[in-house]
Amino acid sequence: PALAITPMPAITTPNACPAPTSGPTLHANSVPANETWTADASPHVLTNNVLVPAGIQLTLEPCAEVRVRPGFDLTVQGALVAVGTPHQRIAFNRDNPALAWDSIWVKSPGLAWLGFVDVSGGGAAGASVLAEGIDLLPAATPLLADHLKVFGSTSYGVRLFRHAGFA
């Protein structure tokens, strides 16, 4: 007899996010101090590579949308806290639908907490989400992922290297 496979139910539902009223908001170069990117100011458009330096925390509100222009990335050496909810997900998308962006690149001891986040259309740098550890053991865990969806990547969805791990 044939094996019957029942599809898994969806773990999330479509976004219940209100339309932003004050965006778009443009970002380039470096986040100078602790910052919160709000849903209302979405989309947050990365017009160049953006660095979250050591000692700085970038927080994204539920429903925030980040659009990344082709070939650019968000590099995290400090902290990225992007925690949505099942009904109010955070999104990272292509700014140009035809061209991929690079990645969210988390470099230990930096940390990214991505909860209820959708990452779409990246991967031009080898993966849409890169977690880089250090060349020593035990492995660093620069990435915390909870209900993270990565899709439409032009290469790997998530790549861990240099003794990196995730929780």
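Scroll up a little and you will see the structure.
Structural notes, computed from the coordinates. Computed from a predicted model, the values in this text were never measured in an experiment.

### A few points about the environment of Gly71
- As for its placement among the helices and strands, Gly71 is situated in the loop between β5 (65-68) and β6 (74-76).
- Classification of Gly71 by relative accessible area gives partly exposed; the value is 33%.
- Measuring from C-alpha to C-alpha, the distance between Gly71 and Asn34 comes to 25 Å, with 37 residues separating the pair along the chain.
- When neighbours within four sequence positions are excluded, Gly71 is seen to be in contact with Asn49, Ala100, Trp101 and Asp102.

### Observations regarding the pattern of salt bridges
- Applying the stated criterion across every chain, the model contains four salt bridges.
- Two residues, Asp95 and Arg69, come together in a salt bridge whose shortest N-O distance is 3.0 Å. On the criterion of sequence distance, the pair formed by Asp95 in the loop between β8 (90-94) and β9 (104-107) and Arg69 in the loop between β5 and β6 is long-range, its members being 26 residues apart.
- The class of Arg69 is partly exposed, set by a relative accessible area of 32%.
- The closest approach of N and O atoms between Arg162 and Glu132, which form a salt bridge, is 2.7 Å. Here Arg162, found in the loop between β13 (156-161) and β14 (164-166), pairs with Glu132, found in strand β11 (residues 127-132); they are 30 residues apart in sequence, far enough to count as distant.

### A closer look at a nonpolar patch on the surface
- On the surface, Val158, Leu160 and Phe166 cluster together into a nonpolar patch covering about 260 Å² of accessible area.
- Mapped onto the elements, Phe166 comes out in strand β14.
- With relative accessibility at 51%, the residue Phe166 sits in the exposed group.

### With respect to unusual backbone geometry
- Put simply, Gly23 and Pro24 share a cis peptide bond, and its omega is 5°.
- Residue position: Pro24 is located in the segment before β1 (25-30).
- A cis amide bond links Ser108 with the next residue in sequence, Pro109, at an omega value of 15°.
- When you line up the elements, Pro109 lands in the loop between β9 and β10 (111-120).
- Positive phi, close to 70°, is recorded for Asn29, a residue that is not glycine.
- For Asn29, the position within the fold is in strand β1.

### Quick notes on the packing of aromatic side chains
- What the rule picks out here adds up to one aromatic pair.
- A cation sits over an aromatic face here: Lys107 above Trp105, 4.2 Å from the ring centre.
- The cationic tip of Arg159 hangs over the ring face of Phe161; the distance from NZ or CZ to the ring centre is 4.5 Å.

So, how was this worked out
- Residues numbered from 1 in each chain as written.
- Predicted model: local features only at pLDDT ≥ 70, side-chain atom pairs only at ≥ 80, totals over all residues.
- Heavy atoms only, no water.
- Helix = DSSP H or I, 4+ residues; strand = E, 2+ residues; numbered from the N terminus.
- Buried < 20%, exposed > 50% of the residue type's maximum accessible area, 1.4 Å probe, protein only.
- Contact = heavy atoms within 4.5 Å.
- Salt bridge = Lys/Arg side-chain N within 4 Å of Asp/Glu carboxyl O.
- Patch = residues over 30% accessible without salt bridge, like charges linked within 9 Å, V, L, I, M, F, W, Y side chains within 5 Å.
- Areas by Shrake-Rupley, 256 points an atom, 1.4 Å probe, with all protein chains shown as cover.
- Phe/Tyr/Trp six-rings, centres within 6.5 Å; stacked < 30°, edge-to-face > 60°.
- Lys NZ or Arg CZ within 6 Å of the ring centre and 35° of its normal.

Keep in mind these numbers describe shape, not what the thing actually does.
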